[in-house]
Every structure is written in C-alpha cells, then in structure tokens.
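Listed below are the residues making up each chain.
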Amino acid sequence: MSDQSQTRRSMLYRLGQGLMGLGGAVMAAPIVAYIFDPGFRKFARSWIDLGNVSDFPKGTVRFAKYTNPNAAPTDGDSKQIPCWVRHAEDGTFQVFYVNCAHLGCPVRWFAQSRLFMCPCHGGVYYEDGSRASGPPPRGLYEYSYEIKNDRLFVYGGELPNLSIPGTTPKDDRTPLTVGGKERKA
Ligand code: FES
C-alpha cells in the first residue's frame, strides 16, 4: 500500500471519528441541559392559572384547557392540555387529567349520569374520579390545586403516571390541597 493511500485512509478515519463525536455531543445536549440547568428543570412543572373560580359553578364538572409550560414554539395546538374541573357542592375542587388510568384515552364527562366514561375499552369513573367499572386499575389522576385571589391554579406540566396519586409538588406555596383536602407540605 502506498504512503499516499495510507495517509488518505487515516484522514478519513479521523474525519469519521470527528463526525461521530459531533453527533454524540448534539444528542447529549438536551440531557446535559436537563441535569445541569436548574432553570430548565424548574420550568418543567409550574402553577398554572385555569381561570376564575366563578367559571366553575358549584355542583358542576367543567372542561378546561391550559398551555403546557414545556411547549416548544412549533408544538401548535398540541400544547393545549385539557382537564376536567369538578367543583363539589361542599365547595372543594378536584381537577382531573383527561387521560384514562387504563391506557390513557381521553375520558368524557356525562352530566346526565354523572359519570366519566372512556371510549376505548369502556372504563367508567364516578364523579369524584374513583373507578366505577371496566379495565382501569384505579381512579383518574388528579392535579394538585390551590385557590389564590379567587383564581384556580393547578400544578401542571407532566404526563400522569403511577407516582401521581394526587400530585405531591415540592413547591412551598400554602395552603395546598390535593383532592379537595388540605395537604401538609
Ligand atoms: S384506555 Fe380507558 S378503558 Fe382502556
């Protein structure tokens, strides 16, 4: 093998290594940002204003939407996150993720029967979010919420998962309620 072809081969080898290193750095950037940038993590979950308390009359379950705090400018309508807000007769609130606790289909509220129903496999939930029948292994996922200056806030910004019985934010704002009951921070 001539010296010239050996030099070309080693140049290509080094170029390939450089490109692989560059690709790895690009892929690792979001992970590194998540781990080391506290501002990035803080932005991931936050208190979100759902509206005036009077928008949710006592004894009703109303549909509401908020903008995902993690949304990118290119997310379009998918950054709008729906939820169900229940204002019970005793004055307490419950705010439910729309996602069924079985496989995540969006549940719908039926005011006549006062039940949430899932169109996918027939899961049914009572008005307080507890499981009534069908395949869901548990009740609906609930947001933590609080009332401030007559406005309803939820702690949002992540998908429901089994670690969210009613969420348990580390945020210090008080009083804080989960499922209508005061939570000790
Ligand atoms: S996803 Fe709702 S019952 Fe299966």
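Quantities reported herein were computed from a predicted structural model and do not represent experimental measurements.

Turning next to the overall build of the chain. Secondary structure assignment for the chain yields 2 helices and 12 strands. Counting from the amino terminus, helix and strand elements in the chain follow one another as α-α-β-β-β-β-β-β-β-β-β-β-β-β. Expressed as a percentage of the 185 residues in the chain, the buried residues total 32%. Surface exposure of the chain reaches about 11,500 Å², of which carbon and sulfur atoms provide 58%.

Turning our attention to unusual backbone geometry. One non-glycine residue with positive phi stands out, namely Arg114, at about 55°. Position of Arg114 relative to the elements: it lies in the loop between strand E5 (108–110) and strand E6 (115–117). On the basis of relative accessibility, which here comes to 31%, the residue Arg114 falls in the partly exposed class. The backbone phi angle of Asp150 is positive, close to 65°, even though this residue is not glycine. On the secondary structure map, Asp150 appears in the loop between strand E9 (142–148) and strand E10 (151–156). The exposure class assigned to Asp150 is exposed, which follows from its relative accessible area of 54%.

Before going further, it helps to examine the confidence of the model for the chain. Averaged over all residues, the pLDDT of the chain is 82; the fraction at 70 or higher stands at 78%. Mean pLDDT values for the elements of the chain range from 46 in strand E11 (residues 177–178) up to 98 in E5. pLDDT under 50 marks residues 166–178. Its contacts with residues more than four places away, or in other chains, come to 34 contacts.

Let us look at the state of the cysteines. Taken as a whole, this structure holds 1 disulfide when the rule is applied. There is a disulfide in this structure between Cys105 and Cys120, and the S-S distance comes to 1.9 Å. With the S-S bond torsion at -90°, the cross-link from Cys105 to Cys120 turns out left-handed. Remark: Cys120 occurs in the loop between E6 and strand E7 (124–126) and Cys105 occurs in the loop between strand E4 (93–97) and E5; sequence separation between them is 15 residues. Accessibility expressed as a relative area gives 17% for Cys105, which makes it buried. Looking at Cys120, the relative accessible area reads 37%, which means it is partly exposed.

Bringing the pattern of salt bridges into the picture now. Within the structure shown, the criterion is met by 3 salt bridges. Residue Asp49 pairs with Arg151 through a salt bridge whose shortest N-O separation is 2.7 Å. With Asp49 in strand E1 (residues 46–52) and Arg151 in strand E10, this residue pair connects regions lying 102 residues apart in the sequence. Residue class for Asp49 comes out partly exposed when judged on its relative accessible area of 35%. Note that Arg114 is salt-bridged to Glu127, the shortest N-O span being 2.9 Å. Linking Arg114 in the loop between E5 and E6 with Glu127 in the loop between E7 and strand E8 (131–133), this pair joins segments that are 13 residues apart in sequence. A single salt-bridge network, built from bridges that share partners, covers Arg86, Arg114 and Glu127.

Here the side chain of Glu127 touches Arg114 through a polar contact of 2.9 Å, side chain to side chain. If near-sequence neighbours (up to four positions away) are discounted, Glu127 is found in contact with Arg86, Gln94, Phe96, Trp109, Arg114 and Phe116.

Cut-offs applied
- Residues numbered from 1 in each chain as written.
- Predicted model: local features only at pLDDT ≥ 70, side-chain atom pairs only at ≥ 80, totals over all residues.
- Heavy atoms only, no water.
- Helix = DSSP H or I, 4+ residues; strand = E, 2+ residues; numbered from the N terminus.
- Buried < 20%, exposed > 50% of the residue type's maximum accessible area, 1.4 Å probe, protein only.
- Areas by Shrake-Rupley, 256 points an atom, 1.4 Å probe, with all protein chains shown as cover.
- pLDDT = per-residue confidence, 0-100.
- Contact = heavy atoms within 4.5 Å.
- Disulfide = S-S within 2.5 Å.
- Salt bridge = Lys/Arg side-chain N within 4 Å of Asp/Glu carboxyl O.
- Polar contact = N/O pair within 3.5 Å; in protein donor to acceptor, adjacent residues only side chain to side chain.

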